[in-house]
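# An overview of the molecular structure
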Amino acid sequence: PRVVGTRPGGGPTGAAGAVGAVGAVGAAPVDDPVRRRPPMVFTRVDVGEVSGRGAVSRVSTPVLVVGGPEWAGVGWHDTIELTARLRLADPGDDVVAVASPTGPVRILAGPGPFFEAADAVRADFRAATDHLPADARGLVPALVIGDTSRNPPDLTDAMLVTGMSHLSAVSGSNVTLVLAAGMGLCGVLGIGRRARPWVALAVLVAFVVLARPEPSVVRAAVMGCVGLIGLGTARRQAGIPALSGAITVLLVWDPWLSRSYGFALSSVATLGLLLFAQPWGRAITRRLPPRLTRHRRLDGLGTVLAVPLAAQVVCAPVVVPLQGSVSVVAVLANLLAAPLVAPTTIVGVAVALASVLWVTGARALAWGAGIPAEGIARVARWCAELPYGAVAWGDSAGAALGLALVSVVVLLVAPWVWHRSRTAPLVAVSLAVVTVGAAAPTRLVSWPPPGWVIVACDVGQGDGLVVNTGGGHALVVDTGPDPPAMTRCLDALDVVAVDAVVLTHFHADHVRGLAGVLDSRPVARLLTSTVREPSSEADQVARLAAAAAVPVTALRAGATLVVRGVTADVWWPAREIDAGSVPNNGSVVLTLHVGGIGILLSGDIEREAAAEVVRAARADPSRWGAVDVYKVAHHGSSNRDERLLDLVTGHIALISVGAGNDYGHPAPSTLSDLQGRGFEVHRTDLEGDVAVVATGAGARVLRRVRSRRSRRRSRGRRGT
């Protein structure tokens, strides 16, 4: 019997994990290996046999293996054997135990000819799309087979912000498109109606095998079939019962889906399409200009417009706990991208099949999928740059329930409002004014947000942070490369006086904006690193401070600052490190406590200085305290010490970085590491000014999105 659970009672595997036993394990990977914290590789396996202490047990138990680089070569559903130490997984995990190999992994057999053929198709598909531009090279495999490994991180972020992330994974819509294309091909080839369901089943099985029959893919296949039934003309009434049956079967097959956001989103999105797509589509069609609807090719335009609207309305309450905001541009983004999804997916499937026979020919055909994929990427990036593209809402259960209630009220009231707008326009206009007036002042327009404790200013490629010390006063940590950008940020925050400026080190992207601070408002004192490199920038800082009559003090590890209501402990520099970048490793590292929130500011330290900070923090944990917010070192550089993240108890990571910088910041490995540890990552290049706000439940993040003009100005600003 399958053993599912996270307690010692979870069969022999759970019992071995409870005591940290070492044993021989026979298993098969059920996911592709993932590099999360190089050189560590994470692989989820289904254990079939556990041997230890003279006993052999047959089981079927999910286990997470944390191995070394050699695990990157282990294939999906290979039959493997390893010796590992088992420990019990945390409560709530979807695995029984975590395995740490104590020796090399042994591959006993491959996944079998059927799945090996699918792997060969995937490899040929990758080769056929290698020559496409970066966005298309990542999106085409993502839309066709759910392979997101080559998606650019900034594109992934843009698609998340605009509610388009469902496109870059195998979803019900992908399955529906593939099945619809298969049925259409049956019509072209003259295959009879009785045979078409069997053809559709064969196409579905082949697609699932190609995309890997993982739980998310099986879920998408089931929901895609339900969506196709629901949107069909002959069996529309069967949609709701089919959806209910599908949900029940999937939950019985894999109870862990009940904890999956992806499953919840697929289910409610399908429900929204079944309930609203057709009636809303007809209502929209009736209100479209007759010149559009009289054309046969455009008579379904209303349904096309209704599909993303219905999906967004029903999915919004489920998405809110994930990102704490409601996307205003999601419907627009999905409408603009919708015409491009079908050609990308269908031609992409054709490329995958053609690549098996002739990779060179498939490379030419790949442009047919790559061009619309580039269009999808352009839509995502453009919509992500729109000002006020998202409304901050909150990420609590109460916020989700509140949004669900608002959605229901809007759905019930909207028909009445539409009717009154035609019979009594003044009533409708008054209602709209009251609604906007109630929501706009705090959600869309006002800045800074009430209760803000720190803001990462959008200063381009550099750091510029402002800490609220109360009464219009602030502590500024680094000033970015551009004086006007720093002045703009302080003006927007209504800062009238600066109690202190801390310059973590003397690189230009941290100090050249100092003139914008000194010239715009009074500054009480200037605090700097003891490492005066590069000397030219250090000398310029000294000249500016002297001209403004601001005293300068160097900070050393062990010092404690009290600035009005803010307490700051200095952890570095204690000495100069002659390794890596000397100025970066000489950065001032601070932990601040303001408004009940702990914040770690790490400058641009690299792995050598980070190791010293880790050592000092572990030696004095009471002084270190709880850290809720981490300002990621060196704009997300890959030159880091992962152990520093172990000292952060919260889940918020801020990355101050310039859009389009040519340093590769933030590094994909850093983003993967942060996301793998459960951090909520916020970046100034994508989100503009980012504020951390203290609430009764802890810290939350709000953003002030830039205009497209200011975003373009920040592109290419170089730091050091």
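Everything below is about the structure printed above this text.
Here's what I pulled together on the structure shown here. In this text the structure is predicted, and so the values were computed from the model without any measurement. (Residues numbered from 1 in each chain as written. Predicted model: local features only at pLDDT ≥ 70, side-chain atom pairs only at ≥ 80, totals over all residues. Heavy atoms only, no water.)

### Overview of the nonpolar core
In terms of nonpolar packing, the biggest core is built from 44 residues, with Leu139, Met164, Leu167 and Ile376 touching the most fellow members. Mapped by element, the contributors of at least two residues to this core are helix H2 (113-129), helix H3 (134-145), helix H4 (153-161), helix H5 (172-189), helix H6 (196-211), helix H7 (215-231), helix H12 (330-357) and helix H13 (359-385). Counting residues per element, this core draws most heavily on H13, which supplies 10 residues. Counting 32 residues, the second largest nonpolar core, distinct from the first, contains Val455, Leu518, Leu526 and Ala538. (Core = buried A, V, L, I, M, F, W, Y, C linked by side-chain atoms within 4.5 Å. Buried < 20%, exposed > 50% of the residue type's maximum accessible area, 1.4 Å probe, protein only. Helix = DSSP H or I, 4+ residues; strand = E, 2+ residues; numbered from the N terminus.)

### Focus on the pattern of salt bridges
For the coordinates displayed, the defined rule picks out 17 salt bridges. Measuring nitrogen to oxygen at the nearest pair gives 2.7 Å for the salt bridge that ties aspartate 641 to arginine 643. We classify aspartate 641 as buried; its relative accessible area is 13%. For the salt bridge of arginine 683 with aspartate 685, the shortest nitrogen-to-oxygen distance reads 2.7 Å. An identical accessibility class is assigned to arginine 683 and aspartate 685; each is buried. Salt bridges here are not isolated pairs; linked through shared partners, they connect Arg640, Glu642, Asp646, Asp673 and Arg677. (Salt bridge = Lys/Arg side-chain N within 4 Å of Asp/Glu carboxyl O.)

### Quick notes on the pairing of strand E12 (residues 473-479)
For E12, the buried fraction is high: 6 of the 7 residues fall into the buried class. Relative to E12, strand E11 (residues 464-470) runs antiparallel, the two sharing 6 bridges. Paired with valine 467 across the two strands is leucine 475, which belongs to E12. Here E11 folds back onto E12, and the loop between the two strands holds 2 residues, one of which, glycine 471, carries a positive phi near 65°. Bridge count for E12 against strand E13 (residues 497-503) is 5 bridges, and the pairing is parallel. Residue pairing across strands places histidine 473 opposite alanine 497, the latter belonging to E13. Crossover connection from E12 via helix H16 (residues 483-492) to parallel E13: handedness right-handed. (Pairing = 2+ DSSP bridges. Right-handed = clockwise from strand over helix to strand, strands pointing away.)

### Thoughts on the sheet that holds strand E23 (residues 689-695)
Sheets are built from strands that pair by backbone hydrogen bonding, the pairs being arranged parallel or antiparallel. Strand order in the open sheet formed by 8 strands is E15-E14-E13-E12-E11-E10-E23-E24, with mixed pairing between adjacent strands. Each having just a single partner strand, strand E15 (552-555) and strand E24 (698-704) make up the two edges of the open sheet. Each adjacent strand pair in this sheet contributes to an overall mean axis angle of 20°, direction not counted. Two strands pair when backbone bridges link them, and strand E10 (residues 452-456) and E23 are joined in this way by 4 bridges, in the antiparallel orientation. Among the inter-strand pairings, tryptophan 452 is bridged to a residue of E23, identified as valine 693. (Axes fitted to C-alpha atoms, helices over the stretch in contact; angles between N-to-C directions.)

### A look at empty space enclosed by the protein
Over the atoms, a rolling probe the size of a water molecule traces out where space has been left empty. Within this structure, the stated rule accounts for 1 cavity of 30 Å³ or more. Of the pockets and cavities examined, the largest cavity occupies roughly 130 Å³. Contributing to the lining of the largest cavity are 17 residues, with Tyr630, Val632, Ala633, Arg640 and Asp641 lying nearest its centre. Top contributing element to the lining of the largest cavity by residue count: helix H23 (residues 668-676), with 3 residues. For the lining of the largest cavity, the residue count by class is 8 nonpolar, 4 polar and 5 charged. (1 Å grid on protein atoms, 1.4 Å probe; cavity = no way out; pocket = protein on both sides within 12 Å on 5 of 7 lines; lining within 4 Å. Points joined across faces, edges and corners; volume = space filled by probe spheres on them. Nonpolar A, V, L, I, M, F, W, Y, C, P; charged D, E, K, R; others polar.)

### Observations regarding the sheet that holds strand E20 (residues 629-631)
One open sheet accounts for 7 strands, arranged E16-E17-E18-E19-E20-E21-E22; its pairing is mixed. Whereas interior strands pair on both sides, the edge strands pair on one side only; in this sheet they are strand E16 (560-563) and strand E22 (680-683). Across this sheet, the average inter-strand angle for adjacent strands is 20°, counted without regard to direction. As defined by bridge partners, strand E21 (residues 652-655) adjoins E22 across 4 bridges and the pair is classed as parallel.

### Quick look at H12
If you check H12, its first and last C-alpha atoms are 39 Å apart, about what 28 residues at 1.5 Å a residue would give, namely 40 Å. In the structure, H12 departs most strongly from a straight axis at alanine 338, where the bend amounts to approximately 45° and where the proline proline 339 lies between one and four residues downstream. For H12, the full list of buried residues reads Ala330, Ala333, Asn334, Ala337, Val341, Thr344, Thr345, Gly348, Val351, Ala352 and Ser355. (Expected span 1.5 Å × (residues − 1). Bend = angle between axes of the 7 residues up to and from the residue.)

### Quick notes on the environment of valine 406
Assignment of secondary structure puts valine 406 in helix H14 (residues 397-423). Under the relative-accessibility criterion, valine 406 is labelled partly exposed at 39%. Along the primary structure valine 406 and proline 317 are separated by 89 residues, whereas in three dimensions their C-alpha atoms are 9.6 Å apart.

### Concerning the packing of H12 against H13
Put simply, H12 and H13 touch, their axes get as near as 8 Å, and they point 160° apart. Judged by the inter-axis angle, H12 sits roughly antiparallel to H13. By crossing handedness, the relation of H12 to H13 is classed as left-handed. (Parallel < 35°, antiparallel > 145°, perpendicular 65-115°, else oblique. Left-handed = near helix turned anticlockwise from the far one by under 90°.)

### Side note on the packing of H3 against H12
One can describe the packing of H3 onto H12 by two numbers: an axis separation of 9 Å at closest approach and a directional angle of 80°. If you check the angle between H3 and H12, you find them roughly perpendicular. Contact residues: Val140, Leu143 and Val144 in H3; Val341, Thr344, Thr345, Gly348 and Val349 in H12. Tallied by class, the residues present in the contact of H3 with H12 amount to 5 nonpolar, 3 polar and no charged. (Contact = heavy atoms within 4.5 Å.)

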